[in-house]
Amino acid sequence: MNLILCLFCCVGASLVVITVDAGYDTTYVQSECSSNKTITLGQNGWSLYGFVDATSRDCYEHNKDCSVTLSAKSGHHVTMRFQWMSIECPSDYLNITGDTKSSIYCGGSAPPFSIYSSSNWVSLRFVTDSDYCAAGFRLYYTSYHYGECSENEFRCVHEGRCIPKELKCDSHDNCGDWSDEVTASCGLTTAAVVSISVSCALVGIVLIACSFYCICSKKHSSGSSVAQRRRTSSPARNATEPLGFVEPIGPPKYIDTPPPAYTTAAASNGIYAGLYEDPDQIHPPPYQSTFTTAPYSSSSSNNNSQSLTCGDNGNSPRPSDNEDNSRAGRGNSSNANRSS
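Residues numbered from 1 in each chain as written. Predicted model: local features only at pLDDT ≥ 70, side-chain atom pairs only at ≥ 80, totals over all residues. Heavy atoms only, no water.

Peer 1: For this particular structure, what's the right way to read the pattern of salt bridges?
Peer 2: Side chains carrying opposite charge are able to pair once their charged atoms draw close together. Applying the stated rule across the entire model yields 6 salt bridges. When the shortest N-O distance is used, the salt bridge between Arg81 and Asp173 registers 3.4 Å. In this pair, Arg81 sits in strand β5 (residues 77–86) while Asp173 sits in the loop between β12 (162–164) and α2 (183–186), placing the two residues 92 residues apart along the sequence. For the pair Arg81 and Asp173, one class covers both residues: buried. Between Glu159 and Arg161 there is a salt bridge, with the nearest N and O atoms lying 3.3 Å from each other. Its relative accessible area of 47% is what places Glu159 among the partly exposed residues. (Salt bridge = Lys/Arg side-chain N within 4 Å of Asp/Glu carboxyl O. Helix = DSSP H or I, 4+ residues; strand = E, 2+ residues; numbered from the N terminus. Buried < 20%, exposed > 50% of the residue type's maximum accessible area, 1.4 Å probe, protein only.)

Okay, structure coming up:
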C-alpha cells in the first residue's frame, strides 16, 4: 500500500505544467456592463494580447447583458481561443460577432478550435437570466497581421501570420495552429527553462516528502511487529519485578526420578521370578530330589532291567547276583565281629 502511494505522488508531481501568462491583460465582461467597453489593442496601455473572462467571481451574475469589443489596428486581425467554458444553455449564452460568422456559445465544453475575425474587430456579448449560476468562460485573444514579420514578431507556419515574438512558447496557441508552441520553434527558451526548473524543484520536493513518508511508515510497521512478537513470546512478568526485567532462560533442570519398586511374581513350578528389594535376602529355591517310580525287582526275568536313583542318569549297569551275595557276606561278617 505504501509503495503505491509513493508512485502516485511521483506521477502527480511529474504532470505539473507551468503556464506563463506574463504580460497578458485581463478583461471581465460583466464588469463593463454599464459602458459596453471597446478595447483598442496596442494603444492606450493595452497589450496586443490578453484574456477575456465572464466575471471575476466564482459564479457569474444573474440578469445581465454585457458587451466588450476588441479592436485591432488597421490592417490587423484578432484571433481567439477558449481555455474553458461553463454556461447554462440556452437561457445563458455568449454571442461572438465580427468573425467570419456570428456564433452563439454555451454548455460545459470549450470549442476545440480558434476563432478569427474577418476584419480588425470582434465583439463579445454575454447574456444571463435568473435561473442558474455557473462559472462562465475564459478565452485569450491575439492581434496578428499578414505580410512581412519584423524582428520582434514570430511567423506562424499556417498562412504566415505574424504575432508578437514574446508569445512564442508560452503554452497558448496564439497562431491558431500551435506552430508557436512546437519543440522545433521553442527549443530551450527562458520560459521553458523556468518551467522545467520549477517543475523539477516541485518533483524533488514531492519525492523527498514521499520518501520520508514511506520510511517512517515502514519503521512504524516494523516496530509494531516487533512489539507484538515480544508480547506474545515473552513469559508473564512477576508483579514485583521492575519494568524491563526479563528472567534469563537457562537449560532445563535435571530431575532425579527413582526407578519403580521391585516386585515378585510366583511361577507355576514354585520358583520365584523377579528381584527382591534387598539383594542379600535372595536364596535359591529348595532342593528337590527325583526318585524312581518303580521299586527294585530281583526277578530273573528282570535281570537286565535298570532303575534310576538320585544322581543316576540311567546309563550305569545293574550289579550281578554274585556281587550282591559277596556284598551280603561281607555285611554278615561285619555284624558278627561287632557282636563278639
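Peer 1: Honestly, the sheet that holds strand β7 (residues 103–105) in this entry has me stumped. Any pointers?
Peer 2: One key point about sheets: their strands pair by backbone hydrogen bonds, in either a parallel or an antiparallel sense. Spatially, β2-β4-β9-β6-β7 is the arrangement adopted by the 5 strands of the open sheet, whose pairing is mixed. For this open sheet the edge positions go to β2 (38–40) and β7, each flanked by a neighbour on one side alone. Strand-to-strand twist across the sheet, computed as the mean angle between neighbouring axes with direction ignored, equals 20°. Both strand β6 (residues 93–97) and strand β9 (residues 121–127) contribute to a ladder of 5 bridges, which runs antiparallel. When the bridges of β9 are listed, Thr97 appears paired with Ser123. (Pairing = 2+ DSSP bridges. Axes fitted to C-alpha atoms, helices over the stretch in contact; angles between N-to-C directions.)

Peer 1: Whenever I open this one, the nonpolar core confuses me. Can you help?
Peer 2: Note that soluble globular proteins tend to have their nonpolar side chains buried in a common cluster. In terms of nonpolar packing, the biggest core is built from 26 residues, with Leu70, Met80, Phe82, Ile96 and Phe137 touching the most fellow members. Every element with two or more residues in this core is listed here: β4 (65–71), β5, β6, β9 and β10 (136–144). In terms of residue count, the dominant contributor to this core is β5 (4 residues). Not counting chain neighbours up to four residues away, the residues in contact with Met80 comprise Leu70, Ile96, Phe113, Ser114, Ile115, Val122, Leu124, Leu139, Tyr140 and Tyr141. Tyr24, Phe51, Cys156 and Ile163 belong to the second-largest nonpolar core, a separate cluster that totals 10 residues. (Core = buried A, V, L, I, M, F, W, Y, C linked by side-chain atoms within 4.5 Å. Contact = heavy atoms within 4.5 Å.)

Peer 1: I would appreciate a short explanation of the packing of aromatic side chains in the present structure.
Peer 2: Under the criterion given, the structure shown has 9 aromatic pairs. Ring geometry for Tyr144 against Tyr146: centres 5.7 Å apart, planes inclined by 85°, an arrangement best described as edge-to-face. Take Tyr146: its relative accessible area is 38%, and that puts it in the partly exposed class. An aromatic cluster is built from Tyr60, Phe82, Tyr105, Phe126 and Phe137, whose rings are joined through pairwise contacts. In this arrangement the basic side chain of Arg138 is found over the ring face of Phe51, its NZ or CZ atom lying 4.0 Å from the centre. One residue, Arg161, lies across the ring of Tyr144, its end atom 5.4 Å from the ring centre. (Phe/Tyr/Trp six-rings, centres within 6.5 Å; stacked < 30°, edge-to-face > 60°. Lys NZ or Arg CZ within 6 Å of the ring centre and 35° of its normal.)

Note that all results are geometric; they support no functional claim without further evidence.
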